[in-house]
Amino acid sequence: MEYLCWGSGPKTLLFIQGGPGSTVPQGIMRRMIRRQFEPYLNAGFSVWVVTRRRNMPPGHTISDMAGDYAHVITEEFGGHVDVVVAESFGGMIAQYLAALHPDAFGRIVVVIAAAELSDWGKDVDARMAGALVSGDAGRAGTVFAEYLFPGPRLTWLRRLLGPLIGGRLLAASDYPPEDVQTEARAELSFNSRAVLPRIRPPVLLICGDHDRFFPRDVAAETAGLIPDCTLIWYEGLGHLRVAASSRVARDVLAFVNGN
């Protein structure tokens, strides 16, 4: 598991990024993400971006990935971090981390994730993983463009942008492509409903009401199954726009401070 750390504040924030696929941000992506984390640094946090385990066994589940993060917290952070902020695929992992390893953190925030991924999300991620494993940059980029421009009317635009997006995707990926496929397979069987009632620490759930990966009804059900859950809706926003919103850091800090 690789990592990137910003800041030297006394409080620790562990960030679990989306997927399938996880990487240490480089270049312009690193600068963009650094701006998103600036409010945490100003609030006295050191921020740790930790990737998934490399060369995962083919049957590695999302529960297993939560165990990997719990092991890192035990071995590298003295058994406890102050806050976990987990996004999308990372938010799926965080639900198991919260349920099975509650002593590993103080508070946990799940951003744009819920108890089950939509059928559309499973399909598009599986096709993306297949393209990346085969090294087909054009196809990978075309599939990725569905995140931004869904629907049959924009097929022409996705095909136009596919090779450009795919080239950047492959250039930025420093993880074994088989790990992407392992994560995509893990999504197919992911359903955290059975473990959500076991979560005892406070949870903040941030979702967009136009999210095609985690629909509104599933997000609302997820919040209802967690005993101590605060749900914040970002009205009118979909998956990627919530992830990019500057509101996330403000809401996380307010939650951490008990507001």
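Note: the structure precedes this text.
Residues numbered from 1 in each chain as written. Predicted model: local features only at pLDDT ≥ 70, side-chain atom pairs only at ≥ 80, totals over all residues. Heavy atoms only, no water.

### Points about the overall build of the chain
On a plain count of helices and strands, the chain comes out with ten helices and seven strands. Relative to the compact-globule value of 18 Å for 259 residues, the chain shows a C-alpha radius of gyration of 17 Å, a close match. With the principal axes as the frame, the chain shows a C-alpha extent of 50 × 35 × 35 Å. Relative to its 259 residues, the chain shows a buried fraction of 51%. Contacts in the chain between residues far apart in sequence, at least 24 positions, make up 79% of those at least 6 positions apart. (Helix = DSSP H or I, 4+ residues; strand = E, 2+ residues; numbered from the N terminus. Rg over C-alpha atoms; globule rule 2.2 N^0.38 Å. Buried < 20%, exposed > 50% of the residue type's maximum accessible area, 1.4 Å probe, protein only. Contact = heavy atoms within 4.5 Å.)

### Points about the side chain of Q17
By the secondary structure assignment, Q17 is in the loop between strand 2 (11-16) and helix 1 (27-42). Judged by relative accessible area, Q17 falls into the buried class, the value being 12%. There is a polar contact of 3.1 Å between the side chain of Q17 and the backbone nitrogen of T23. Leaving out residues up to four positions away in the same chain, Q17 has contacts with S22, T23, V49, V50, T51, R52, E87, F89 and G90. (Polar contact = N/O pair within 3.5 Å; in protein donor to acceptor, adjacent residues only side chain to side chain.)

### Focus: the sheet that holds strand 7 (residues 229-234)
Strand order in the open sheet formed by seven strands is 1-3-2-4-5-6-7, with mixed pairing between adjacent strands. Each having just a single partner strand, strand 1 (3-6) and strand 7 make up the two edges of the open sheet. Strand-to-strand, the axes of this sheet are offset by a mean angle of 15°, without reference to chain direction. Across four bridges, strand 2 lies against strand 4 (residues 81-87) in parallel orientation. In the sheet register, F15 faces strand 4, and the bridge partner there is V85. Contacts from helix 8 (residues 216-225) reach strand 6 (203-208) and strand 7, with the element oriented near 160° to strand 7. (Pairing = 2+ DSSP bridges. Axes fitted to C-alpha atoms, helices over the stretch in contact; angles between N-to-C directions.)

### A short note on helix 3 (residues 89-100)
Relative to the 16 Å expected for twelve residues at 1.5 Å per residue, helix 3 spans 17 Å between its end C-alpha atoms, a close match to the ideal helical length. The secondary structure elements touched by the buried residues of helix 3 are strand 2, helix 2 (62-76), strand 4, strand 5 (105-111), helix 7 (177-189) and helix 8. (Expected span 1.5 Å × (residues − 1).)

### Observations regarding helix 7
Of the positions making up helix 7, those classed as buried are D179, V180, T182, E183, A184, A186 and E187. Elements in contact with the buried residues of helix 7: helix 2, helix 3 and helix 4 (119-134).

### Some details on the environment of H80
On the secondary structure map, H80 appears in the loop between helix 2 and strand 4. For the pair H80 and A104, spaced 24 residues apart in sequence, the C-alpha to C-alpha distance is 4.5 Å. Once you skip the residues sitting within four places of it in the chain, H80 turns out to touch I73, D103, A104, F105 and G106.

### Some words on the pairing of strand 3 (residues 45-50)
With five of six residues buried, strand 3 lies mostly within the body of the structure. In this sheet, strand 3 lies alongside strand 1 in antiparallel orientation, the contact comprising four bridges. What sits directly across from L4, in strand 3, is V49. Pairing of strand 2 with strand 3, which is carried by five bridges, proceeds in the parallel orientation. Across the sheet, residue T12 finds its bridge partner in strand 3, namely S46.

### Thoughts on the packing of helix 2 against helix 3
To characterise two packed helices, one gives the angle between the axes of the helices and the distance between these axes. The N-to-C vectors of helix 2 and helix 3 enclose an angle of 70°; their axes lie 8 Å apart at closest approach. Viewed along their axes, helix 2 and helix 3 adopt a mutual orientation that is roughly perpendicular. Counted together, I62, S63, M65, A66, Y69 and A70 of helix 2 and F89, M92, I93, Y96, L97 and L100 of helix 3 form the full contact between these two elements. Classifying every residue of the contact of helix 2 with helix 3 by side-chain character gives eleven nonpolar, one polar and no charged. (Parallel < 35°, antiparallel > 145°, perpendicular 65-115°, else oblique. Nonpolar A, V, L, I, M, F, W, Y, C, P; charged D, E, K, R; others polar.)

### Here we look at unusual backbone geometry
Residue P20 is reached from G19 by a cis peptide bond, and omega for that bond is 0°. Turning to its location among the elements, P20 is positioned in the loop between strand 2 and helix 1. Positive phi, close to 55°, is recorded for S88, a residue that is not glycine. Its location among the elements puts S88 in the loop between strand 4 and helix 3. Judged by relative accessible area, S88 falls into the buried class, the value being 12%.

Shape is all these values report; function is a separate question.
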